[in-house]
Amino acid sequence: AVLILLIEHELRGKVVWVTGASSGIGEELTYQLAKLGALLAISARREDELQRVKKKCLQISSLTENDILVLRLDLTDRSSHEAATNSVLKHFGKIDVLVNNGGRSQRSLFVDTNLDVYNAIIELNYLGTISLTKYVLNHMIQRKKGKIVTVSSVMGIMGAPLATGYCASKHALQGFFNSLRTELTDYPEISIIQICPGPVQSQIIQNVFTENLAKSLENSGDQSHKMPTDRCARLTLVSVANDVKEAWISDHPYLAVCYLWQYAPTWAWWLMNRMGKRRIQNFKSGIDADASYSRKKK
Ligand SMILES: NC(=O)c1ccc[n+]([C@@H]2O[C@H](COP(=O)([O-])OP(=O)(O)OC[C@H]3O[C@@H](n4cnc5c(N)ncnc54)[C@H](OP(=O)(O)O)[C@@H]3O)[C@@H](O)[C@H]2O)c1
């Protein structure tokens, strides 16, 4: 209850820009932020989906039309990021929190995957994120305050089969933001926050990169064993309100593997080799790669 009160106190009236707000974790974050009374800039490529999200926000919160800015934004179109930042600043006059959430995952073995896919993952998850961060951070440095929140992944901590490019992009984000934080020591009121979820219910599997850019996943499988989206969003906002520098938000066994990876990597590598075999088998037989060792949810 204390933490929830802190969230409300911290985020009410703040201007929060959520990227990737048209589905999944970003969409749910937007609803919870709206209920908390944050003013919202929401962006993604699909403007119609963003309008749907905005409409629901207006129904479930006391926000009004002008409190939510819908902004079409392709993270890979870096030349548009300065203008997009200026649009948010023109509308609200400030940005208190940037939530770098937009991104895509991967389901393919390295040996089968075209290098163009690796380029596209890095362009989106890594370069797109740090490009937008650069413009927003300039503004935060002028104000000497703000929060840059990045939805990384447990895949930014550990490695896993079928996701070599995705893991690389999330490790890049981890390294980048851990280093950026050390460059901002003159700005104690600017926080760099990394959120590392494990598997969460969203559209991520439907949208994964596969062996080549033209191909999508044929069968995304059952996602019901994954963490519910609202729980992930809630814990993310608790982390943001409390300036937690890095939050691992996951069910077991991923959380346990994260700890092993951090503190006893030799055991983690042994365990991941065993889990990884099953992951590849699942993938090849068309069910979700994580299906059989995630905790079943009712
Ligand atoms: N779900 C999980 O298990 C999980 C676990 C760990 C980390 N994450 C991270 O959580 C974040 C959100 O993913 P999600 O699970 O919520 O998946 P999702 O439902 O597929 O949502 C992804 C969001 O990213 C946006 N996006 C994709 N490509 C984009 C582009 N080129 N430019 C701008 N926006 C783009 C999508 O919007 P448009 O298609 O409309 O552009 C969508 O709003 C990602 O960074 C992901 O890596 C997810």
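On a predicted model such as this, the values are computed, not experimentally measured, just so you know. (Residues numbered from 1 in each chain as written. Predicted model: local features only at pLDDT ≥ 70, side-chain atom pairs only at ≥ 80, totals over all residues. Heavy atoms only, no water.)

A.B. asks: Looking at this structure, I do not really get a nonpolar patch on the surface. What am I missing?
C.D. replies: A surface patch of nonpolar side chains, amounting to about 370 Å² of accessible area, comprises F110, V111 and L115. The topology assignment puts V111 in the loop between β4 (97-100) and α5 (115-143). Relative accessible area serves as the criterion here: at 74%, V111 is assigned to the exposed category. (Patch = residues over 30% accessible without salt bridge, like charges linked within 9 Å, V, L, I, M, F, W, Y side chains within 5 Å. Areas by Shrake-Rupley, 256 points an atom, 1.4 Å probe, with all protein chains shown as cover. Salt bridge = Lys/Arg side-chain N within 4 Å of Asp/Glu carboxyl O. Helix = DSSP H or I, 4+ residues; strand = E, 2+ residues; numbered from the N terminus. Buried < 20%, exposed > 50% of the residue type's maximum accessible area, 1.4 Å probe, protein only.)

A.B. asks: Is there a simple way to explain the pairing of strand β3 (residues 68-72) in this structure?
C.D. replies: Sheet faces and side chains relate simply in a regular strand, where the side chains alternate between the two faces. Among the 5 residues in β3, 4 count as buried, and that is most of the element. Looking at chain direction, strand β2 (residues 39-44) and β3 are connected through 5 bridges and run parallel. When the sheet's bridge partners are listed, A44 is paired in β3 with R72. In this fold, β2 hands off to helix α3 (residues 47-60), which returns the chain to β3; that crossover is right-handed. (Pairing = 2+ DSSP bridges. Right-handed = clockwise from strand over helix to strand, strands pointing away.)

A.B. asks: Teacher, can you tell me more about the site of the ligand here?
C.D. replies: Near the ligand, the surroundings consist of 29 residues, among which S23, R45, N101, Y166 and S202 are the closest. One of the side-chain N or O atoms of S22 is found 2.8 Å from an oxygen atom in the ligand. Here D74 contributes a side-chain N or O atom positioned 3.0 Å from a nitrogen atom of the ligand. Because more than half of its atoms lie within 2 Å of the grid, the ligand is assigned to the largest pocket. When contributions to the shell around the ligand are tallied by element, the ones reaching two or more residues are α2 (24-36) and α6 (164-183). (Near = heavy atom within 4 Å. Polar contact = N/O pair within 3.5 Å; in protein donor to acceptor, adjacent residues only side chain to side chain. 1 Å grid on protein atoms, 1.4 Å probe; cavity = no way out; pocket = protein on both sides within 12 Å on 5 of 7 lines; lining within 4 Å. Sits in = over half its atoms within 2 Å of the grid points.)

A.B. asks: Would you mind showing me how to read the side chain of T236 here?
C.D. replies: Secondary-structure assignment places T236 in helix α7 (residues 229-241). The exposure class assigned to T236 is buried, which follows from its relative accessible area of 2%.

A.B. asks: Can you walk me through the packing of α2 against α7 in this structure?
C.D. replies: What describes two packed helices is the angle between their axes and the distance between those same axes. It is at 9 Å that the axes of α2 and α7 come closest, and there the two elements cross at 60°. Accordingly, the angle class assigned to the pair α2 and α7 is oblique. Crossing handedness for the pair α2 and α7: right-handed. Contacts between α2 and α7 involve G24, I25, E28, L29, Q32, L33 and L36 from the first element and T229, D230, C232, A233, R234, T236 and L237 from the second. (Axes fitted to C-alpha atoms, helices over the stretch in contact; angles between N-to-C directions. Parallel < 35°, antiparallel > 145°, perpendicular 65-115°, else oblique. Left-handed = near helix turned anticlockwise from the far one by under 90°. Contact = heavy atoms within 4.5 Å.)

A.B. asks: For this particular structure, what's the right way to read the pattern of salt bridges?
C.D. replies: Close approach of charged atoms allows side chains with opposite charge to pair. Counting across every chain of the model gives 9 salt bridges. Between E49 and R52 there is a salt bridge whose closest N-O contact spans 2.8 Å. A residue pair is termed a helical-turn pair when its members lie 3 or 4 positions apart in one helix, as E49 and R52 do in helix α3 at 3 residues. By relative accessible area, which is 36% here, R52 ends up partly exposed. Where D96 meets R143, a salt bridge forms, and the shortest distance between an N and an O atom there is 3.0 Å. Residue D96 is found in the loop between α4 (81-92) and β4, and its partner R143 is found in helix α5; the two are separated by 47 residues along the sequence. The buried category is assigned to D96, whose relative accessible area is 6%.

A.B. asks: Would you explain the nonpolar core in this entry?
C.D. replies: When a protein is soluble and globular, its nonpolar side chains tend to lie buried together. The biggest cluster of nonpolar side chains holds 37 residues, and the ones touching the most others in it are L11, V16, L33, L40, I42 and V99. With sequence-adjacent residues up to four places away left out, V16 is seen in contact with L33, A38, L39, L40, A41, V97 and V99. Residues W17, A84, L98 and Y126 belong to the second largest nonpolar core, which totals 30 residues. (Core = buried A, V, L, I, M, F, W, Y, C linked by side-chain atoms within 4.5 Å.)

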